[in-house]
Amino acid sequence: MSDQAPLAERMRPRRLEEVVGQEHLLGPGKPLSAAAESGFLPSMILWGPPGCGKTTLARLLAEATGRKLLALSATDSGLREVREALQQAEKRGLFAGEKAPVLFIDEIHRFHKGQQDALLSAVEKGVVTLIGATTENPSFEVNAALLSRCRVFVLHPLNEEQLFTLAQRALQQDSALSGVHMEDAAWSALLHLAQGDARRMLNVLELAAGLKLERPLVLTAQDLETAASGHTLRYDKTGDMHYDVISAFIKSVRGSDPNAAVYYLARMIESGESLRFICRRMLILAAEDIGLANPNALVLTEAAFRAADMVGFPEARIILSECAIYLACSPKSNSAYKAILDAQEAVRRSGDVPVPLHLRNAPTTLMKNLGYGRDYQYSHDFENHFSHQEYLPENLSGTRFYTPAANLSENRFREYLSKLWKGKYGYANPKEE
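Residues numbered from 1 in each chain as written. Predicted model: local features only at pLDDT ≥ 70, side-chain atom pairs only at ≥ 80, totals over all residues. Heavy atoms only, no water.

Engineer: Can you break down the overall build of the chain residue by residue, with the values?
Structural biologist: Across its full length, the chain carries 19 helices and seven strands. Since a compact globule built from 433 residues should have a radius of gyration of about 22 Å, the 31 Å found for the chain marks it as more spread out than a globular shape. The dimensions of the chain, computed from C-alpha atoms along their principal axes, are 95 × 60 × 40 Å. Out of the 433 residues in the chain, the part that is buried amounts to 44%. (Helix = DSSP H or I, 4+ residues; strand = E, 2+ residues; numbered from the N terminus. Rg over C-alpha atoms; globule rule 2.2 N^0.38 Å. Buried < 20%, exposed > 50% of the residue type's maximum accessible area, 1.4 Å probe, protein only.)

See below:
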């Protein structure tokens, strides 16, 4: 088995009709099948998770439209390789009279701006038909100029039924797996371990069969789990999965679901996410989403940050779990967040409005003569340490930016502000909100 190509390579479809999955792109009247039938192949970006068939589709589309395939991988190709491929393509197309070859670039998101810019002219002139494959959102990872010259096709991870079809095909057609049988529990384990990735599934299946010595060869769930033990979770700390998981974590805490919060926290920890990244997000959460409903949340989160940083992983996971659960179970308020947004909008709308004279600092005699600081009322000289004077610029007088949310903590704030300011900001009458 070691002397031949990996099982995933041996089982690559040889015709578009053999591709499993991506029914929204393949089949009668679907865009990629229609392109193959017509022979008109636009430049495109295939965006999807690992093992969903991006490389296979690029090869089959080139073959179906009678084009030469030039393949590069962004992980081991630089600007020189890109230029050489484009020169080769131009010779084939312009001098040999052939159709523009397909330039397939795997993991195109790893190309920097200069490398992507080098493709623009060739794509624009039709020297090559570009097919880029990426696991990352092309809106962020592919230059806008290049993206505008390509169609983007989104590929989906394979579901369990599609994965089962591929695994059965491998067991039936591949000579190296002849005589291999699967227990029922092994099927469930294999499909679960695949995580929607056909390549991963076939690699696990091949390794499990290769490690098993006794005959007849019957694979168990334990065999497959042992074979998969070296595979890592699909989580790129600079890519979409990184942002998807942290987004799910934040929304779970905001939604007061401690179970989901701990689950997504575990996903980040198991995938090697940075301790400081997780803690920074939790600090923002504590201020933005719990806020004044429980001001202690920010204090506790800061303490958790310092404690987790002090002990490090693996023990830090316990501290992070305690903090995540506390935040999820805390009452929620975004009143402070909304207040600063509204205040910033007022600043942008009003510009640099003069500060009222009585609030200005007056360190010099000239400033005092101009009225700086005149008639300022020192709050501590008054009953309840409060003076009913104006603090906002004249054109913003009476504008309310902070609206207390309905929770125990902010209800006390509302009562206090209502007592002080009477009807000025509307705190005495919540119905006005």
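Engineer: Describe helix H9 (residues 184–194), naming the residues involved and giving the relevant values.
Structural biologist: Within H9, burial applies to Ala186, Trp187, Ala189, Leu190, Leu191, Leu193 and Ala194. Downstream of H9 by a residue or two, Gln195 has a phi angle that is positive, lying close to 55°.

Engineer: Give a detailed account of the state of the cysteines, specifying residues and quantitative values.
Structural biologist: In this structure the tally under the stated criterion is zero disulfides. Left unpaired, Cys329 is separated from the closest cysteine sulfur, that of Cys323, by 12 Å. Accessibility expressed as a relative area gives 54% for Cys329, which makes it exposed. (Disulfide = S-S within 2.5 Å.)

Engineer: Which residues make up helix H19 (residues 408–421), and what values do they have?
Structural biologist: An ideal rise of 1.5 Å per residue puts 20 Å on 14 residues; H19 measures up with 20 Å between its terminal C-alpha atoms. Looking at the buried positions of H19, the neighbouring elements they touch are helix H17 (335–350). Two residues or fewer past H19, Lys422 is found with a positive phi of approximately 55°. (Expected span 1.5 Å × (residues − 1). Contact = heavy atoms within 4.5 Å.)

Engineer: Could you give an account of unusual backbone geometry, with specific residues and numbers?
Structural biologist: With the exception of glycine, most residues fall at negative phi, and the peptide bonds are largely trans. Along the chain, Phe313 connects to Pro314 via a cis peptide bond; the corresponding omega equals 10°. Along the chain, Pro314 turns up in the loop between helix H15 (296–311) and helix H16 (316–329). Non-glycine residue Gln22 carries a positive phi angle of around 60°. Within the secondary structure, Gln22 is located in the loop between helix H1 (7–10) and helix H2 (31–38). Residue Gln22 is classed as buried on the basis of its relative accessible area, which comes to 3%. The phi torsion at Asn384 lies on the positive side, around 60°, for a residue other than glycine. Looking at the element boundaries, Asn384 is found in the loop between helix H18 (365–369) and H19. Here Asn384 falls in the partly exposed class, since its relative accessible area comes to 48%.

Engineer: Give a detailed account of the pairing of strand E1 (residues 44–47), specifying residues and quantitative values.
Structural biologist: Pairing of E1 with strand E4 (residues 129–134), which is carried by four bridges, proceeds in the parallel orientation. Of the residues in E4, the one forming a bridge with Met44 is Ile131. Sheet analysis places E1 next to strand E5 (residues 151–154), joined by four bridges and oriented parallel. By the bridge assignment for E5, Leu46 is matched with Phe153. (Pairing = 2+ DSSP bridges.)

Engineer: Lay out the environment of Arg10 in plain terms, naming residues and giving numbers.
Structural biologist: Locating Arg10 in the fold gives a position in helix H1. For the pair Arg10 and Glu322, spaced 312 residues apart in sequence, the C-alpha to C-alpha distance is 48 Å. Beyond its immediate sequence surroundings of up to four residues, Arg10 is in contact with Gln4, Ala5, Asp174, Ala176 and Glu206. A polar contact is formed between the side chain of Arg10 and the backbone oxygen of Ala5, at a distance of 2.5 Å. A polar atom in the side chain of Arg10 sits 2.8 Å from the side chain of Asp174. (Polar contact = N/O pair within 3.5 Å; in protein donor to acceptor, adjacent residues only side chain to side chain.)

Engineer: Explain a nonpolar patch on the surface to me, and be specific about the residues and the numbers.
Structural biologist: A contiguous nonpolar surface patch, about 260 Å² in accessible area, is contributed by Tyr337, Ile340 and Leu341. On the secondary structure map, Leu341 appears in helix H17. (Patch = residues over 30% accessible without salt bridge, like charges linked within 9 Å, V, L, I, M, F, W, Y side chains within 5 Å. Areas by Shrake-Rupley, 256 points an atom, 1.4 Å probe, with all protein chains shown as cover. Salt bridge = Lys/Arg side-chain N within 4 Å of Asp/Glu carboxyl O.)

Engineer: Talk me through the packing of aromatic side chains; I want residue IDs and the actual numbers.
Structural biologist: Counted according to the given criterion, the structure contains six aromatic pairs. Judged by centre distance (5.4 Å) and plane angle (80°), the rings of Trp421 and Tyr425 are edge-to-face. Of the two residues, Trp421 and Tyr425, neither departs from the other in class, the shared state being buried. An aromatic cluster of at least three residues, connected via ring pairs, comprises Phe386, Tyr391, Trp421, Tyr425 and Tyr427. For Arg360, the ring lying beneath its charged end belongs to Tyr372, and the centroid distance is 5.0 Å. (Phe/Tyr/Trp six-rings, centres within 6.5 Å; stacked < 30°, edge-to-face > 60°. Lys NZ or Arg CZ within 6 Å of the ring centre and 35° of its normal.)

Engineer: Give me the environment of Gly179: which residues, what numbers.
Structural biologist: With respect to the helices and strands, the residue Gly179 is situated in the loop between helix H8 (160–173) and strand E6 (181–182). The partly exposed category is assigned to Gly179, whose relative accessible area is 43%. Residues Gly179 and Val218 lie 39 residues apart in sequence; the distance between their C-alpha atoms is 8.6 Å.

Engineer: Now, about the environment of Ile246: what can you tell me, with residues and values included?
Structural biologist: For Ile246, the location among the structural elements is in helix H12 (residues 240–254). Those residues in contact with Ile246 that sit more than four places away from it in its chain are Met268, Phe277 and Arg281.

Engineer: Requested: an account of the nonpolar core, with residues and values cited.
Structural biologist: Counting residues in hydrophobic clusters, the biggest one holds 33 residues, and the most contacted among them are Leu177, Met182, Leu190, Met201, Leu205 and Leu224. At the level of secondary structure, the elements contributing two or more residues to this core comprise H1, H8, H9, helix H10 (198–211) and helix H11 (221–227). Residues Ala261, Met268, Leu275 and Met282 belong to the second largest nonpolar core, which totals 25 residues. (Core = buried A, V, L, I, M, F, W, Y, C linked by side-chain atoms within 4.5 Å.)

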